[in-house]
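Summary of the model geometry
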Amino acid sequence: MNGRWARPDAPVTAFVLSGGGHQGVAQIGMLRALVERDILPDVVIGTSAGALNGACLATSPTLEKLEHLEGVWLGLSGDKVFPGGRLSRVWNVLRRDDHLISNEGLAAVIASAEPAPTFADLEVALRVVTTDLNTGDEILIVNGPVAPALLASAALPAIFPPVELHGHTLVDGAVVNLVPISHALAGPVDRIFVLDVSDPISDKLIRSPLDVIVRAFAISRDLRFELELQWIPKDIEVCVLPPPIDDRDFFDFSGGKELIDGAHKLALQALDDHEARPTGQRRRRWWQRLAG
């Protein structure tokens, strides 16, 4: 049963978790910092990798659950998430399929993270962002089984197969909303913590078709995120936690522990500074990287 299970008198709090592929590992450190400070959400909104992390937190907002999730991330490799060799990908192109890679590996990752079976079983309300491939609409999933929703939210177009769910043909939510902060405003909220690990537009070399997709998402993210920040009422606190620098290739899942620890340290610094500011001034944008 989701709802205000922690403290009824606490500020109504939303966590917004961006997509970002393998960069989602850094959100474990951010979430750990928030839970350690007893900052717990009333609603979690996530896209793609952020939806998976958010679903696990919504299942059980505890350090023990985050420790389990960390183990899942640290056990990942490119072959696990993107199974099948180059030959199978070429074959999928030749037979004109709608994807290059099976989502069996991704489904196995979701299962190993052990999210709640259904949205009704979650401890905290969860909103999963997806994209309708046929209409281009942003589809927010809030009920039914959790695992298929997470699979749809992370279905990179042309890479993984679309997911048929709730009468829609769904792909990655990052296509339309990489950092879904607007959904935090759908109900009463006093403060929003944004865990944005998406790759900003940079001079990073484009080495693969996946890099092209990620760069396209980054362009969309920069435009929409700036606009959505402007829509937030002035009386709502916003804290955007900064990610550590992550220059790994898209298929590279190594170095996760260092990224988790780095994100944890940066998040604690950001939270210290956020709490030290007068309430009316708690709108500083925290996506710039802090010196660590």
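The coordinates are above.
Residues numbered from 1 in each chain as written. Predicted model: local features only at pLDDT ≥ 70, side-chain atom pairs only at ≥ 80, totals over all residues. Heavy atoms only, no water.

Topic: the pattern of salt bridges
- Counted by the stated rule, this structure contains seven salt bridges.
- Within the structure, one salt-bridge network assembled from shared partners comprises Arg32, Glu36, Glu70, Lys257 and Asp261. (Salt bridge = Lys/Arg side-chain N within 4 Å of Asp/Glu carboxyl O.)

Let's talk about the packing of aromatic side chains
- Inspection of the entire model under this criterion finds three aromatic pairs.
- Ring geometry for phenylalanine 15 versus phenylalanine 193: centroids 6.0 Å apart, planes at 85°, classification edge-to-face. With phenylalanine 15 in strand S1 (residues 13-17) and phenylalanine 193 in strand S7 (residues 191-195), the pair connects residues that are 178 residues apart, well separated along the chain. Pair check on accessibility: phenylalanine 15 and phenylalanine 193 agree, each one buried.
- Ring geometry for phenylalanine 82 versus phenylalanine 251: centroids 4.9 Å apart, planes at 70°, classification edge-to-face. Of the two residues, phenylalanine 82 is situated in the loop between helix H4 (78-81) and helix H5 (86-94) and phenylalanine 251 in the loop between strand S8 (237-241) and helix H9 (256-276); the sequence distance between them amounts to 169 residues.
- Members of the aromatic cluster, each reached through a chain of ring pairs, are Phe82, Phe160 and Phe251. (Phe/Tyr/Trp six-rings, centres within 6.5 Å; stacked < 30°, edge-to-face > 60°. Helix = DSSP H or I, 4+ residues; strand = E, 2+ residues; numbered from the N terminus. Buried < 20%, exposed > 50% of the residue type's maximum accessible area, 1.4 Å probe, protein only.)

Overview of the packing of helix H1 (residues 26-36) against helix H2 (residues 49-59)
- Viewed as axis vectors pointing N to C, H1 and H2 meet at an angle of 30°, and their least axial separation amounts to 11 Å. For the crossing formed where H1 meets H2, the hand is right-handed. Facing H1, whose interface residues are Gln27, Ile28, Leu31 and Val35, H2 presents Ala49, Gly50, Asn53 and Leu57. (Axes fitted to C-alpha atoms, helices over the stretch in contact; angles between N-to-C directions. Left-handed = near helix turned anticlockwise from the far one by under 90°. Contact = heavy atoms within 4.5 Å.)

Description of the pairing of strand S3 (residues 125-132)
- Where burial is concerned, most of S3 is hidden: seven out of the eight residues are buried.
- Summarising the sheet, strand S2 (residues 43-47) and S3 pair through five bridges and their orientation is parallel. Within S3, the position partnered with valine 43 by the bridge is alanine 125.
- One ladder, built from four bridges, connects S3 with strand S4 (residues 138-141); its direction is antiparallel. Bridge pairing in S4 links valine 129 to leucine 140.
- Between the end of S3 and the start of S4, which pair antiparallel, lie five residues, with glycine 136 showing a positive phi angle near 80°. (Pairing = 2+ DSSP bridges.)

Observations concerning the side chain of serine 18
- One can find serine 18 in the loop between S1 and H1.
- According to the relative accessible area criterion, serine 18 is buried, its value standing at 0%.
- At 3.2 Å, the side chain of serine 18 and the side chain of aspartate 196 are in polar contact.
- A polar side-chain atom of serine 18 sits 3.4 Å from the main-chain amide nitrogen of serine 198.
- Residue contacts for serine 18: discarding those within four places in its chain leaves Gln27, Thr47, Ala49, Gly50, Leu178, Val179, Leu195, Asp196, Val197 and Ser198. (Polar contact = N/O pair within 3.5 Å; in protein donor to acceptor, adjacent residues only side chain to side chain.)

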